[in-house]
Amino acid sequence: MGVVNVTPDSFSDGGRFLSPAAAIAHGRRLADEGAAIVDVGGESTRPGALSVDADEELRRVEPVLEGLAGIPLSIDTSKSLVARRALELGAEMVNDVTALRGDPELVGVAAERDAYLCLMHMQGEPRTMQAAPRYDDVVSEVATFLEQRAAFAVAHGVLEERICVDPGIGFGKTPDQNLELVRRLDEIAALGFPVLVGISRKSTLGKVLGDPEATQGTVSASVGGAVAAFEHGAWMLRVHDVRETVEALAVAAAIERGSVTA
Ligand code: HH2
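My aim in this report is to walk through the structure given alongside it, one point at a time.

What follows covers the pairing of strand E2 (residues 38-41). Residue alternation in E2 divides its side chains into two sets, Val-38 and Val-40 and Asp-39 and Gly-41, and both sets are buried. When strand E1 (residues 2-5) meets E2, the two strands line up parallel, connected through four bridges. Counted as the bridge partner of Asn-5 is Gly-41 from E2. For the handedness criterion, the β-α-β arrangement of E1, helix H1 (residues 20-32) and E2 is classed as right-handed. With four bridges joining them, E2 and strand E3 (residues 73-76) adopt parallel strand pairing. By the bridge assignment, Gly-41 is partnered in E3 with Asp-76. Regarding topology, helix H2 (residues 54-67) serves as the crossover connection from E2 to the parallel E3, and that connection is right-handed.

Below is the structure:
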């Protein structure tokens, strides 16, 4: 999954793709580089980010979704209004970092349109989530949460086979908790849903490389994180650097198979 953030303030690429033309060109490039799906978002969820209203979010993403018609698209939103419009414009997945807790009408939109749905774990909310994350056992608590949110979606008409789950790297977790989630990803995968992981450029990577104040990670650190997540059971990786990640994963997958060709 390649990321297109149509925002002024995303932590790694904020402001770079705010103009529709730049965002569309970037999305096309990510698809050319091998992204199976392109995730378009109009609201930053980085730590400390303020929320934007639905009109502004729509204003940002609508022309980009139109310009990317023909490419498999996901909409990164928690708002039913934005999701509905994106699905009308051909998006096939709703990526909701609130796991259907942000807008009570979102589950109905996903069910009615038979969309794929990504449910992500977050403790707290973006403005404050990094203040004091607390868990007794981060992996089992994240797994229980995701299982409950998936049950909620199914109870409201979303087909089980449309759902994927995501431990939410960096969303109300310490760096060590983020690493633990990837190391024990098999426990999340054991829920039976495909697992999406977004570790690309996140600050934990920069901290591993020795900068305690890092707000983001390098491309090569991101690729390392993607390969590790793949080896621990990730089904899809949400990444900013598609070509580098696709190449690394092609090798990791070939080694798993023990053959050059799939
Ligand atoms: N991470 C971000 C945004 N959306 N969605 C899923 N499913 N998983 C993630 O890990 C995830 C996500 C944050 O990264 P980014 O989009 O690069 O930054 P921002 O939220 O500042 O726009």
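Picking up after the structure, the text goes on.
Mapped onto the elements, Ala-83 comes out in helix H3 (residues 80-88). For Ala-83, a relative accessible area of 0% puts it in the buried group. Taking C-alpha positions, Ala-83 is 15 Å from Asn-5, a pair spaced 78 residues apart along the chain. With sequence-adjacent residues up to four places away left out, Ala-83 is seen in contact with Ile-75, Thr-77, Val-94, Leu-106 and Val-109.

Positionally, Thr-45 belongs in the loop between E2 and H2. A sequence separation of 35 residues divides Thr-45 from Ser-10, and the C-alpha atoms of the two residues are 7.3 Å apart. Residues contacting Thr-45, with those up to four places away along its chain left out, are Val-97, Pro-126, Met-129 and Phe-171.

Take the side chain of Thr-204 next. Considering the arrangement of structural elements, one finds Thr-204 in helix H8 (residues 203-208). Not counting residues up to four positions away in its chain, the partners in contact with Thr-204 are Pro-175, Asn-178 and Leu-179.

A full pass over the atoms with the stated rule returns 21 salt bridges. Residue Glu-180 pairs with Arg-183 through a salt bridge whose shortest N-O separation is 3.1 Å. A residue pair is termed a helical-turn pair when its members lie 3 or 4 positions apart in one helix, as Glu-180 and Arg-183 do in helix H6 (residues 175-183) at three residues. Here Glu-180 falls in the partly exposed class, since its relative accessible area comes to 22%.

Let's shift gears to the site of the ligand. Near the ligand there are 18 residues, and of these Ser-10, Thr-45, Asp-166, Lys-202 and His-240 occur at the shortest range. Between an oxygen atom of the ligand and a main-chain N or O atom of Gly-198, the distance comes to 3.3 Å. Out of a free accessible area of 480 Å², the ligand has 99% covered by protein chains. With respect to the pocket detection grid, the ligand is positioned in the largest pocket. Residue classes in the shell around the ligand are distributed as six nonpolar, seven polar and five charged.

Definitions and cut-offs
- Residues numbered from 1 in each chain as written.
- Predicted model: local features only at pLDDT ≥ 70, side-chain atom pairs only at ≥ 80, totals over all residues.
- Heavy atoms only, no water.
- Buried < 20%, exposed > 50% of the residue type's maximum accessible area, 1.4 Å probe, protein only.
- Helix = DSSP H or I, 4+ residues; strand = E, 2+ residues; numbered from the N terminus.
- Pairing = 2+ DSSP bridges.
- Right-handed = clockwise from strand over helix to strand, strands pointing away.
- Contact = heavy atoms within 4.5 Å.
- Salt bridge = Lys/Arg side-chain N within 4 Å of Asp/Glu carboxyl O.
- Near = heavy atom within 4 Å.
- Polar contact = N/O pair within 3.5 Å; in protein donor to acceptor, adjacent residues only side chain to side chain.
- Areas by Shrake-Rupley, 256 points an atom, 1.4 Å probe, with all protein chains shown as cover.
- 1 Å grid on protein atoms, 1.4 Å probe; cavity = no way out; pocket = protein on both sides within 12 Å on 5 of 7 lines; lining within 4 Å.
- Sits in = over half its atoms within 2 Å of the grid points.
- Nonpolar A, V, L, I, M, F, W, Y, C, P; charged D, E, K, R; others polar.

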